[in-house]
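Observations on the three-dimensional arrangement
Single-letter residue listing:
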Amino acid sequence: MDTRTFKDSARRMYGRAAGVAVLAAALLVPAAAAAQDKPLIEYHGYLRSGFGANTGNGGRQVAFQAPGAYAKWRLGNETETYGELGLTANWLGGQDDGAWFRTEIKLAVITPNLQQFDVVNPFAIQESYAEAGNLFESQPGMSFWAGHRFYRRHDLHLNDFFYWDMSGYGAGFQDMDLGFGKLHVAYLGTGNDTNDTKNHVDIRISGIQLPAGELTVGVTPVFQANVGADDDFGVAATVMHTMGGFMGGFNKFSVQFGYGVQAGLQTYFGGGDDAWMLRVVEQAQIQTSESMSMMFGGVFQLDNTDGVDGGNIWTSVGARPIFHLSKYTAFQAEAGVDIVKPDGGDTGFLGKVTVAPTLKAGNSFWGRPELRAFVTAAFWNENIQGAVGGGAFDDDTFGVTMGVQAESWW
């Protein structure tokens, strides 16, 4: 089968599948709405997509990220199409006793922004779990879950950095009322190709009220069973302070420490007997008026995740002010700086600035969809020359890209 025939066949296949999905939703949702307090099927997701070019070799857009940095400042600096498509099925709700059961499945797709009908690579199931809540009269807000899910994640939106992310496979309960806060406990497990298993028990208490804001504390002991080798251990702890209503938005500050096989602070494999990581994250989103909103944040990270003497340093700060020209038009800019110092290596510096006239659904920072045109300029020092911007800027310490992008969630 030639490429054109394959593409035509695939388009027809996806068209039929989409038609079946729409018909099923049309049949199921009205019946469900009459039977309970929520539709049987709820649809939600996320997407970003666009195209750009670089001024280095005239090729397509490249991303600017410092080597050793865990993230990059994202406005006008994303080079892929990424989407998440989620379906929630509300099987039981609107009961006299308030009990509810639901299932969730979420698919993620990513393409390289090359041409129409790009090959999807990779295609992943990001969530597939069941949850039940309000089963006990004494704990009406408590729920139980089992399966695979995004688990109580916290991120810095401007650089898409999920600094507290224990997503994975497992089971647990959430929102047990302790009087002074809410208790959340989960077992989360991961495996690898050599059949090793990494087993986490994530324990958190959130909603601890303080004179200004609230506190969330968490600890995660970890046991890693290694086939044909000694077992490993690790632990991580997080303290996070959140202040709502801060200048029309919020402020969030967290300190994290991981040790041993949990030095990476996630469910992925990594670390070792003497590995460790210290991470501090500060962020705030403000809305000073209908015509001005902004988000700013920073990360300081010191790690020794390879378990040898010394440590790696990553410092990152950035901000995105948005000037709302009308209810649906805006001009936004973003500036970010990353400083990386590998153990025993030279210090690398990367700065990035983006300007983007934007059409958006509403004059708030979080208003989406957004349709953007952008110009991004980045500059870096000679210590990381050849490691930034791909082949387009191998011999340079300055680069410019420009393009268009859409972003939305629902």
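Residues numbered from 1 in each chain as written. Predicted model: local features only at pLDDT ≥ 70, side-chain atom pairs only at ≥ 80, totals over all residues. Heavy atoms only, no water.

1. A few points about the overall build of the protein
- Helix and strand counts for the protein stand at one helix and 20 strands.
- The burial tally for the protein puts 42% of its 410 residues in the buried class.
- For the protein, contacts bridging at least 24 residues in sequence account for 55% of all contacts bridging at least 6. (Helix = DSSP H or I, 4+ residues; strand = E, 2+ residues; numbered from the N terminus. Buried < 20%, exposed > 50% of the residue type's maximum accessible area, 1.4 Å probe, protein only. Contact = heavy atoms within 4.5 Å.)

2. Examining empty space enclosed by the protein
- Summed over the entire model, instances satisfying the criterion amount to three cavities of 30 Å³ or more.
- Each pocket or cavity is described by its volume, and for the largest cavity that value is around 60 Å³.
- Considered class by class, the residues forming the lining of the largest cavity number six nonpolar, five polar and one charged.
- Quantified by volume, the second largest cavity comes out at close to 50 Å³.
- Around the second largest cavity, the lining residues are Gly50, Phe51, Gly52, Arg60, Gln61, Thr79 and Asn113. (1 Å grid on protein atoms, 1.4 Å probe; cavity = no way out; pocket = protein on both sides within 12 Å on 5 of 7 lines; lining within 4 Å. Points joined across faces, edges and corners; volume = space filled by probe spheres on them. Nonpolar A, V, L, I, M, F, W, Y, C, P; charged D, E, K, R; others polar.)

3. Some words on the packing of aromatic side chains
- The tally for this structure, following the rule as stated, stands at 16 aromatic pairs.
- Between the aromatic rings of phenylalanine 144 and phenylalanine 173, the centroid separation amounts to 6.4 Å while the plane-to-plane angle is 55°, which identifies the pairing as tilted. Of this pair, phenylalanine 144 sits in strand E5 (residues 143–149) while phenylalanine 173 sits in strand E8 (residues 168–177), placing them 29 residues apart in sequence.
- Given a relative accessible area of 30%, phenylalanine 144 falls into the partly exposed group.
- Note on phenylalanine 173: relative accessible area 19%, which makes it buried.
- With 6.3 Å between their ring centres and 80° between their planes, tryptophan 380 and phenylalanine 393 make a pair best called edge-to-face. In this pair, tryptophan 380 is assigned in strand E19 (residues 370–380) and phenylalanine 393 in the loop between E19 and strand E20 (398–409), connecting sequence segments 13 residues apart.
- One Lys or Arg, arginine 149, reaches over the ring of tyrosine 129 and ends 4.4 Å from the middle of that ring.
- Sitting above the plane of the phenylalanine 150 ring, arginine 153 keeps its charged end 3.7 Å from the centroid. (Phe/Tyr/Trp six-rings, centres within 6.5 Å; stacked < 30°, edge-to-face > 60°. Lys NZ or Arg CZ within 6 Å of the ring centre and 35° of its normal.)

4. Things to note about a nonpolar patch on the surface
- There is a patch of nonpolar side chains on the surface, built from Tyr43, Leu47, Leu85, Leu87, Ile105, Ile125 and Trp410 and spanning about 630 Å² of accessible area.
- Counting residues per element, the ones that place at least two in the nonpolar patch are strand E1 (41–54) and strand E2 (81–92).
- If you trace the backbone, tyrosine 43 turns up in strand E1. (Patch = residues over 30% accessible without salt bridge, like charges linked within 9 Å, V, L, I, M, F, W, Y side chains within 5 Å. Areas by Shrake-Rupley, 256 points an atom, 1.4 Å probe, with all protein chains shown as cover. Salt bridge = Lys/Arg side-chain N within 4 Å of Asp/Glu carboxyl O.)

5. Concerning the side chain of lysine 72
- The topology assignment puts lysine 72 in the loop between E1 and E2.
- Glutamate 80 provides the closest opposite charge to the buried, salt-bridge-free lysine 72, at an N-O distance of 5.1 Å.
- Beyond its immediate sequence surroundings of up to four residues, lysine 72 is in contact with Ala63, Phe64, Gln65, Asn77, Leu158 and Asn159. (Lys, Arg positive; Asp, Glu negative; His and termini not counted.)

6. Quick notes on the pattern of salt bridges
- In total, this model carries 16 salt bridges according to the counting rule given.
- As a salt-bridge pair, glutamate 334 and lysine 352 come within 2.6 Å of each other at their nearest N and O atoms. Placement of glutamate 334 in strand E17 (residues 329–341) and of lysine 352 in strand E18 (residues 348–360) is noted, with a sequence separation of 18 residues between them. Comparing glutamate 334 with lysine 352, the two get one shared label, buried.
- Close ionic contact of glutamate 370 with lysine 360 constitutes a salt bridge, the shortest N to O distance being 2.4 Å. With glutamate 370 in strand E19 and lysine 360 in strand E18, the pair connects residues that are ten residues apart, well separated along the chain. For the pair glutamate 370 and lysine 360, a shared accessibility class is recorded, and that class is buried.
- One continuous salt-bridge network, built from bridges that share partners, spans Arg48, Arg74, Glu78, Glu80, Asp160, Lys360, Arg368, Glu370, Arg372 and Glu407.

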